[in-house]
Amino acid sequence: MSRVSQYLPTLLLVALPVAYVAFLYLVPLGGVALRSVDNSTIHANLPVTAGAIGEAGAPSDEAAAALAKDLATADRRSLGELARFLNLDAPGMRSLLLKTKRALDEVEVRGLADLRAIDPAWDEPVYWQALAENAQPYTFRYYATAIGLDRDPAGGWQFGTEGAIYLQILLRTFWMSLQVAVIACLIAYPLAHAIANGPPALRILLLGAVLLSFWMSILVRTTAWVVILQREGLVNEALMALGLVREPVQLIFNRLGTLLAMVHVLLPFA
């Protein structure tokens, strides 16, 4: 018997879960990753402009004629979607493109001067830079927005004052996740050690407690924390009864409440 046929049953058994994971997890993740850099909507509607405009987005007669040709052949629905995407990079681009599209029925655009005659806004470099940045089928724009980067006047990247909020939220999420993971592991490791090495009675008791938490709905467990930690809840009443505080303490709808609830939910998995 060859080595391949010897391990064939094992390979077949492994192939099913691998295919399951690939289909339900890897394929969707790959699709999301592709969508995160996809810029085909703009590129498909501006094929001539994409070949004529340079990376710097400098206005030229060739780029103007190419843009007019693309706008003339674009249908209303595609143009509306195209204008909406471009308006994210250059506010006012939507109305400018729609106005130019309507004017092409009466005006023949052979160069930049004809576009300027339709609307003087075509003198603004920001609109041509937006076209140049979106001329390629893939874009870094969505990732840049997520980490708070904006375009500077020179065409480079800089941290924006408003967009930085996304980066702060992302870092705060990672920090909260790290806290939850560390606390859950510190609590779970001794319990797991006792379940694996403790006396039979203790092992059954602890394992039953862990399994029991899996049988409870996450909604029920979260609601229980709301009851316990609210201003009129058990914790605040106990603190006031012991004279530790004079008025209820805010224990919920903040980081402390989130940390407690997340540790409770993830502790059985740990």
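Bear in mind the structure is a predicted one, so any value in this text is a computation, not a measurement.

Parameters and conventions
- Residues numbered from 1 in each chain as written.
- Predicted model: local features only at pLDDT ≥ 70, side-chain atom pairs only at ≥ 80, totals over all residues.
- Heavy atoms only, no water.
- Helix = DSSP H or I, 4+ residues; strand = E, 2+ residues; numbered from the N terminus.
- Rg over C-alpha atoms; globule rule 2.2 N^0.38 Å.
- Buried < 20%, exposed > 50% of the residue type's maximum accessible area, 1.4 Å probe, protein only.
- Contact = heavy atoms within 4.5 Å.
- Areas by Shrake-Rupley, 256 points an atom, 1.4 Å probe, with all protein chains shown as cover.
- Lys, Arg positive; Asp, Glu negative; His and termini not counted.
- Charge placed at Lys NZ, Arg CZ, Asp CG, Glu CD.
- Axes fitted to C-alpha atoms, helices over the stretch in contact; angles between N-to-C directions.
- Left-handed = near helix turned anticlockwise from the far one by under 90°.
- Nonpolar A, V, L, I, M, F, W, Y, C, P; charged D, E, K, R; others polar.
- Core = buried A, V, L, I, M, F, W, Y, C linked by side-chain atoms within 4.5 Å.
- Phe/Tyr/Trp six-rings, centres within 6.5 Å; stacked < 30°, edge-to-face > 60°.

For the protein chain, the count of helices and strands is 14 helices and 2 strands. Taking 2.2 N^0.38 as the reference for a compact globule, 270 residues should give roughly 18 Å; the C-alpha atoms of the protein chain span a radius of gyration of 30 Å, well beyond that estimate. By its C-alpha atoms, the protein chain is 90 × 80 × 30 Å across when sized along the principal axes. Here the protein chain holds 270 residues, and 27% of them are scored as buried. Look at the contacts in the protein chain between residues 6 or more apart in sequence, and 57% of them connect residues 24 or more apart. On the protein chain, roughly 18100 Å² of surface is accessible, and the fraction owed to carbon and sulfur atoms is 67%. Of the side chains in the protein chain, 20 bear a positive and 22 a negative charge, and the two mean positions are spaced by 11 Å.

We now examine the packing of helix 12 (residues 218–229) against helix 14 (residues 255–266). As a packed pair, helix 12 and helix 14 sit with axes 10 Å apart at the nearest point and diverge in direction by 145°. Seen along the crossing, helix 12 lies across helix 14 with a hand that is right-handed. Judged by residue contacts, Ile-218, Arg-221, Trp-225 and Leu-229 of helix 12 engage Gly-257, Leu-260, Ala-261, His-264 and Val-265 from helix 14. Along the lines of polarity and charge, the residues of the contact of helix 12 with helix 14 split into 6 nonpolar, 2 polar and 1 charged.

Turning to the nonpolar core, a few remarks are in order. As a rule of thumb, soluble globular proteins bury nonpolar side chains together. The biggest cluster of nonpolar side chains holds 30 residues, and the ones touching the most others in it are Leu-67, Met-93, Leu-115, Trp-122, Trp-128 and Leu-131. Breaking this core down by element, the ones donating at least two residues are helix 4 (61–73), helix 5 (76–89), helix 6 (93–103), helix 7 (112–118) and helix 8 (125–133). What Met-93 contacts, discounting residues up to four positions off in sequence, is Leu-86, Asn-87, Trp-122, Tyr-127 and Leu-131.

For the rest of this paragraph, the subject is unusual backbone geometry. The residue Phe-253 is not glycine, and still its phi comes out positive at about 60°. In this fold, Phe-253 is placed in the loop between helix 13 (234–241) and helix 14.

Below, the discussion takes up the environment of Leu-186. Here Leu-186 lies in helix 10 (residues 164–197). Of the residues examined, Leu-186 reaches a relative accessible area of 62% and is grouped as exposed. Leu-186 sits 49 residues away from Pro-137 along the chain, and the two C-alpha atoms are 47 Å apart.

With that settled, the discussion passes to the packing of aromatic side chains. This structure, assessed with the given rule, holds 2 aromatic pairs. Centroid distance Phe-214 to Phe-269: 5.0 Å. Interplanar angle 90°. Geometry classified as edge-to-face. Of this pair, Phe-214 sits in helix 11 (residues 200–215) while Phe-269 sits in the segment after helix 14; the two residues are 55 residues apart in sequence, bridging distant segments of the chain.

All right, on to the environment of Asp-75 then. Mapped onto the fold, Asp-75 is located in the loop between helix 4 and helix 5. Considering only alpha carbons, one finds Asp-75 and Asn-45, 30 residues apart in sequence, at a separation of 9.5 Å.

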